[in-house]
Amino acid sequence: AQSVTQLDSQVPVFEEAPVELRCNYSSSVSVYLFWYVQYPNQGLQLLLKYLSGSTLVESINGFEAEFNKSQTSFHLRKPSVHISDTAEYFCAVSEQGGSEKLVFGKGTKLTVNP
Amino acid sequence: DTGVSQNPRHKITKRGQNVTFRCDPISEHNRLYWYRQTLGQGPEFLTYFQNEAQLEKSRLLSDRFSAERPKGSFSTLEIQRTEQGDSAMYLCASSFGPQGHYEAFFGQGTRLTVV
């Protein structure tokens, strides 16, 4: 079975500051890794994913995440945040070649202040 | 195509009543998932369909819960004899491909309140 830990439930930052949202996972098998974002009053949207290949993956709006197998982590980073990045961010894993289900962390609420 | 559609968006029901939610996936998406999200938690997997076949069910899905996907198109999730603990956001997602969760598209959810 897999599990996901998002260590920070809330992260407040000022606009244009860098941010890192932490995600650690536990699994006995190889996994795929995902970050989903949920803006206020909207559904979950896929932000980025790691399936294979380069361990650094990027989104179209400036976020990046790096898969670290030895530390079982998939932290999300952005060098300079905007007010519009205020949202809840969920890290998720699924088992390679196995169950179709996504296992989510509890989420991190990112609040960007002016 | 406007994405995954869920109806109703909100449902308030009295304890003991039955409720049914509907999910319309993105056209031609062969995979459909139901998740449940409670306050302060991430979504939890309930069940998964590939076309009309229900391939996986979570232990969270008690006997009071049933899901269907007739003809591999829309899906319904029914909760019988609702309990206060059923109050949650019910999310539907769909995807397409040999391993569909490469990108699961989520609906906005149905918020259930059991009073």
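Refer to the structure printed above.
As the structure is a computational prediction, the values presented were derived from the model and not from experiment.

### Some words on the overall build of chain A
Helix and strand counts for chain A stand at zero helices and twelve strands. Counting from the amino terminus, helix and strand elements in chain A follow one another as β-β-β-β-β-β-β-β-β-β-β-β. The globule rule puts the C-alpha radius of gyration for 114 residues at 13 Å, and the 14 Å found for chain A is close to it. Across its three principal axes, chain A shows a C-alpha extent of roughly 45 × 30 × 25 Å. Residue burial in chain A is summarised as follows: out of 114 residues, 48% are buried. A total accessible area of about 5500 Å² is found for chain A, and carbon and sulfur atoms account for 48% of it. Once the 8 positive and 11 negative side-chain charges of chain A are each reduced to a mean point, those two points are 7 Å apart.

### Quick look at the packing of aromatic side chains
Taken as a whole, this structure holds 14 aromatic pairs over all chains when the rule is applied. Centroid distance F104 of chain A to F106 of chain B: 6.2 Å. Interplanar angle 75°. Geometry classified as edge-to-face. Here F106 of chain B lies in strand β10 (residues 105-106) and F104 of chain A lies in strand β11 (residues 103-104), a pairing that spans two chains. Accessibility assignment for this pair places F104 of chain A and F106 of chain B in one class, buried. Among the aromatic side chains, those forming a connected cluster through ring pairs are F34, Y36, F90 and F104 of chain A together with Y33, Y35, F45, Y48 and F106 of chain B.

### Observations regarding the interface of chain B and chain A
On the side of chain A, 24 residues touch chain B, which itself brings 21 residues to the contact. Across the interface of chain B and chain A, roughly 1800 Å² is buried in total on both sides, 53% from carbon and sulfur atoms. Joining chain B to chain A, the criterion identifies zero salt bridges. Inspection of the region where chain B meets chain A yields three residue pairs in polar contact (both at pLDDT 80 or more). Only β4 (31-37) and β5 (44-50) of chain B provide two or more residues apiece to the side of chain B that touches chain A. Considering every element that reaches the side of chain B that touches chain A, the biggest residue donor is β4 of chain B, with four residues. Residue composition of the side of chain B that touches chain A, by class: nine nonpolar, nine polar and three charged.

Cut-offs and rules
Residues numbered from 1 in each chain as written. Chains lettered and ligands numbered in written order. Predicted model: local features only at pLDDT ≥ 70, side-chain atom pairs only at ≥ 80, totals over all residues. Heavy atoms only, no water. Helix = DSSP H or I, 4+ residues; strand = E, 2+ residues; numbered from the N terminus. Rg over C-alpha atoms; globule rule 2.2 N^0.38 Å. Buried < 20%, exposed > 50% of the residue type's maximum accessible area, 1.4 Å probe, protein only. Areas by Shrake-Rupley, 256 points an atom, 1.4 Å probe, with all protein chains shown as cover. Lys, Arg positive; Asp, Glu negative; His and termini not counted. Charge placed at Lys NZ, Arg CZ, Asp CG, Glu CD. Phe/Tyr/Trp six-rings, centres within 6.5 Å; stacked < 30°, edge-to-face > 60°. Contact = heavy atoms within 4.5 Å. Buried area = accessible area lost by both parts, 1.4 Å probe. Salt bridge = Lys/Arg side-chain N within 4 Å of Asp/Glu carboxyl O. Polar contact = N/O pair within 3.5 Å; in protein donor to acceptor, adjacent residues only side chain to side chain. Nonpolar A, V, L, I, M, F, W, Y, C, P; charged D, E, K, R; others polar.

Note that all results are geometric; they support no functional claim without further evidence.
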